[in-house]
Amino acid sequence: MSPPLHLFLLVALFILFSTIAADSFHPRGFLGRFSNPDKPTVRGQLRQYKYETRYFSQRLDHFGFSSETRFGQRYLISTDHWLGPERKGPVFVYCGNEGDIEWFAANSGFVWEVAERFGAMVVFPEHRYYGKSMPYGSGEQAYKNASTLGYLTAEQALADFAVLITHLKKNVSAESCPVVLFGGSYGGMLASWMRLKYPNIAIGALASSAPILQFEDIVLPETFYDLVSHDFKRESVSCFNTIKQSWDALSAQGQMEDGLPQLSQKFRLCRELNSVDVLSNWLESAYSYLAMVDYPYPSDFMMPLPGNPIKEVCKRIDCAPDGSSILDRIFDGVSVYYNYTGSVKCFDLDDDPHGMNGWNFQACTEMVMPMSSSKDNSMFRTYDYNYAAFEEWCRTSFGVKPRPTWISTQFGGHNIYTVLKHYGSNIIFSNGAHHIDLRASTPNDPDWLIQLRESEIRIIQGWLTDYYQDLGWTAAFSSM
């Protein structure tokens, strides 16, 4: 039997990623173009998971009745371990994020591992407007303007998932098979929201590193940058201070007569800088992502990185040769993120490996996440959240006006514990390094992570057991 609590908060729910650059007001995405399935490392990871790639004819607008426009939604499916409809084998669905679905499949080993344990079908549906699931025939046409991008919303994506799951179950006579949702980061937000919006579709959801509270005035806007800064300060106070002092050093260097060319040379940039802000944003991105993927073992989730990468960054900053300037130390440190393999000859700041216009549009419409950087607790440039400037950036970039309160109106967020206590059920919110619990298990996993996954497995098993008992069935999988 599952535990009596309706909502399982395994770890405190903190905020794990979406930032707005201090001066450019450019919304940074959760993931982005680094989710490239053609990278050799990703292909190697995918080879260990067997699946079919299919396309489903999906309605472009689920909430209107005047258009029959459709697009091909890609999804990955595996029935290798599925118990089948006769034995009510479960269906495990990963809610696709803002990127190529093959990349998420390669980095969600936990889903594949527990699917074998529970005899589950595995489905990875791709999020509309990302990867190869492009309306209007191509990314160029889909991203053409605000009108064509207008169907890029969380509610449309959730409806995609609901329609696809219903179709798949009906197609294989599996209407009675229970569905469990999984997702990390934005995908975790979608998984939790789908459980709330479509309880008829899924019996539970595991939402890992899902920042469902980073809206309106639910949490303080400086929370994210303070948390990232704390990770560096906990590793090394001198490292924290060096980074904090580096912004003034960058600004001073940039104001010199030949400052920008010198900075371009010092940071080995492919093209000469025209603004210090561009370099500052590039550095801030690295620090933010390092905190997000500070795994205790080597990984290539975003970039090829060593285990405990923040420790390595601070080691290089703190242990630079005598006489090294602040900016020399910063370059040595940030190279851990951008060039740990040593294979990059120069850095192209315009080729942001983490950007994606689709997410920028979402951030300018409904995913409005206020961010600021505090003077004392943050190692980042100090700035206050400026909604007016952000709104202007969105108007200029996409011709849209943000709706800051729409997500919390539609999915909730205020008084979250009270609301979910009386309304929500069977949702696991987990936290740690960026959805680390969804990654494949390794011999280097720390004890706390092993225990966390064991807790998640027990809870999911409880959901399934309760479901089968309600049907008068005995669970086909073995208990722990």
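Above this text sits the structure in question.
Residues numbered from 1 in each chain as written. Predicted model: local features only at pLDDT ≥ 70, side-chain atom pairs only at ≥ 80, totals over all residues. Heavy atoms only, no water.

Participant: Teacher, can you tell me more about the overall build of the protein here?
Facilitator: Helix and strand counts for the protein stand at 17 helices and eight strands. A burial count over the protein gives 58% of its 480 residues as buried. Sequence separation of 24 or more characterises 74% of the internal contacts of the protein that already satisfy a separation of 6 or more. In the structure as shown, the protein presents an accessible area of about 19,700 Å², 50% of it carried by carbon and sulfur atoms. (Helix = DSSP H or I, 4+ residues; strand = E, 2+ residues; numbered from the N terminus. Buried < 20%, exposed > 50% of the residue type's maximum accessible area, 1.4 Å probe, protein only. Contact = heavy atoms within 4.5 Å. Areas by Shrake-Rupley, 256 points an atom, 1.4 Å probe, with all protein chains shown as cover.)

Participant: How do you make sense of the state of the cysteines when you look at a structure like this?
Facilitator: Such a bond, covalent and formed between the sulfur atoms of two cysteines, is termed a disulfide. Summed over all chains, the structure comprises three disulfides. A disulfide bridge connects Cys239 with Cys314, and the sulfur atoms are separated by 2.2 Å. Measuring handedness by torsion sign, the sulfur bridge of Cys239 and Cys314 sits at about -70° and is left-handed. Placement of Cys239 in helix H8 (residues 237–254) and of Cys314 in helix H11 (residues 309–318) is noted, with a sequence separation of 75 residues between them. The burial state of Cys239 is the same as that of Cys314; both residues are buried. Paired through a disulfide, Cys270 and Cys346 show a sulfur-sulfur distance of 2.0 Å. On the sign convention where negative means left-handed, the S-S torsion of about 95° between Cys270 and Cys346 marks this disulfide as right-handed. Of this pair, Cys270 sits in the loop between helix H9 (259–266) and helix H10 (276–292) while Cys346 is found in the loop between helix H12 (326–338) and helix H13 (357–365), placing the two residues 76 residues apart along the sequence. The exposure class assigned to Cys270 is partly exposed, which follows from its relative accessible area of 36%. Cys346 gets classed as partly exposed once you look at its relative accessible area, which sits at 34%. The connectivity of the disulfide-linked cysteines in the protein, indexed sequentially, is 1-3, 2-4, 5-6. (Disulfide = S-S within 2.5 Å.)

Participant: Looking at this structure, I do not really get H9. What am I missing?
Facilitator: Because each turn of an α-helix spans 3.6 residues, side chains separated by three or four positions in sequence point in the same direction. Residues of H9 that are buried include every one of Gly259, Leu260, Leu263 and Ser264, and no others. The buried residues of H9 occupy an angular sector of 135° when projected down its axis, which confines them to one face. The secondary structure elements touched by the buried residues of H9 are H8, H10 and H12. Arg268 occupies a position one or two residues after H9 and carries a positive phi of about 55°. (Arc of directions from axis to C-beta.)

Participant: What's the story with the pairing of strand S3 (residues 70–78) in this structure? I'm lost.
Facilitator: The two faces of a sheet get side chains in turn, since along a regular strand they alternate between them. Counted residue by residue, S3 has seven buried out of nine residues, so it is predominantly covered. Note that S3 and strand S5 (residues 121–125) share four bridges and pair antiparallel. Paired with Ser78 across the strands is Val122, a residue of S5. (Pairing = 2+ DSSP bridges.)

Participant: I'm lost on the packing of aromatic side chains in this one. Help?
Facilitator: Two numbers describe a pair of aromatic rings. These are the distance of the centres and the angle of the planes. Using the criterion set out here, one finds 32 aromatic pairs in the structure. Ring geometry for Tyr49 versus Trp112: centroids 4.9 Å apart, planes at 5°, classification stacked. In this pair, Tyr49 sits in the loop between helix H1 (40–46) and strand S2 (52–59) while Trp112 sits in helix H3 (residues 109–118), placing the two residues 63 residues apart along the sequence. For Tyr49, a relative accessible area of 10% translates into the label buried. Where Trp193 meets Phe411, the ring centres are 4.2 Å apart and the plane angle is 5°; that geometry is what we call stacked. With Trp193 in helix H6 (residues 186–197) and Phe411 in helix H15 (residues 406–411), the pair connects residues that are 218 residues apart, well separated along the chain. A connected cluster of aromatic rings, assembled from ring pairs, spans Tyr49, Tyr51, Tyr94, Trp103, Phe104, Trp112, Phe124, Tyr295, Tyr297 and Phe301. For the cation-ring pair, Lys233 lies above Phe240, with the distance from its terminal atom to the ring centre recorded as 4.9 Å. (Phe/Tyr/Trp six-rings, centres within 6.5 Å; stacked < 30°, edge-to-face > 60°. Lys NZ or Arg CZ within 6 Å of the ring centre and 35° of its normal.)

Participant: Would you take a moment to explain empty space enclosed by the protein for this structure?
Facilitator: It is a probe the size of a water molecule, rolled over the atoms, that shows where empty space is left. Summed over all chains, the structure comprises six cavities of 30 Å³ or more. Computed from the structure, the second largest cavity encloses a volume of approximately 40 Å³. Along the walls of the second largest cavity sit Val91, Val93, Met121, Val123, Ile165, Leu168 and Lys169, which together make up its complete lining. At the level of secondary structure, the elements contributing two or more residues to the lining of the second largest cavity comprise strand S4 (91–94), S5 and helix H5 (154–171). (1 Å grid on protein atoms, 1.4 Å probe; cavity = no way out; pocket = protein on both sides within 12 Å on 5 of 7 lines; lining within 4 Å. Points joined across faces, edges and corners; volume = space filled by probe spheres on them.)

Participant: Could you clarify how one ought to interpret the nonpolar core in this entry?
Facilitator: General note: in soluble globular proteins, nonpolar side chains tend to be found buried as a group. Grouped together as the largest cluster of nonpolar side chains are 81 residues, with contacts concentrated most on Phe92, Phe182, Phe232, Phe267 and Leu283. The dominant element in this core, judged by the number of residues it contributes, is H10, at 10 residues. Residues in contact with Phe182, not counting those within four places in the same chain, are Phe92, Val93, Tyr94, Cys95, Phe110, Val111, Val114, Gly187, Ala191, Leu206, Leu438 and Ile460. By size, the runner-up hydrophobic cluster in this structure holds 62 residues, among which are Trp193, Ala210, Leu213 and Met367. (Core = buried A, V, L, I, M, F, W, Y, C linked by side-chain atoms within 4.5 Å.)

Participant: Before we go on, may I ask you to explain the packing of H5 against H6 in this structure?
Facilitator: Between two packed helices, the angle of one axis relative to the other and the distance separating the axes together describe the packing. Look at H5 against H6: their axes get within 10 Å of each other, and the N-to-C directions meet at 65°. Relative to H6, H5 is oriented roughly perpendicular. Here H5 runs over H6; the crossing is right-handed. Residues Ala154, Leu158, Phe161, Ala162 and Ile165 of H5 lie in contact with H6, whose contacting residues are Tyr186, Leu190, Trp193 and Met194. Along the lines of polarity and charge, the residues of the contact of H5 with H6 split into nine nonpolar, no polar and no charged. (Axes fitted to C-alpha atoms, helices over the stretch in contact; angles between N-to-C directions. Parallel < 35°, antiparallel > 145°, perpendicular 65-115°, else oblique. Left-handed = near helix turned anticlockwise from the far one by under 90°. Nonpolar A, V, L, I, M, F, W, Y, C, P; charged D, E, K, R; others polar.)

Participant: Before we go on, may I ask you to explain the environment of Cys95 in this structure?
Facilitator: Along the chain, Cys95 turns up in the loop between S4 and helix H2 (101–106). Each C-alpha atom, one on Cys95 and one on Ala207, is 9.7 Å from the other, the two residues being 112 residues apart in sequence. Excluding anything up to four places from it in sequence, Cys95 contacts Phe161, Leu181, Phe182, Gly187, Leu190, Ala191 and Met194.

Participant: When you look at H6 in this model, what are you seeing that I'm missing?
Facilitator: End to end, H6 covers 16 Å across 12 residues, agreeing with the expected 16 Å (1.5 Å per residue, within 8%). Among the 12 residues in H6, 11 count as buried, and that is most of the element. Here H6 has its buried residues at Tyr186, Gly187, Gly188, Met189, Leu190, Ala191, Ser192, Trp193, Met194, Arg195 and Leu196. (Expected span 1.5 Å × (residues − 1).)

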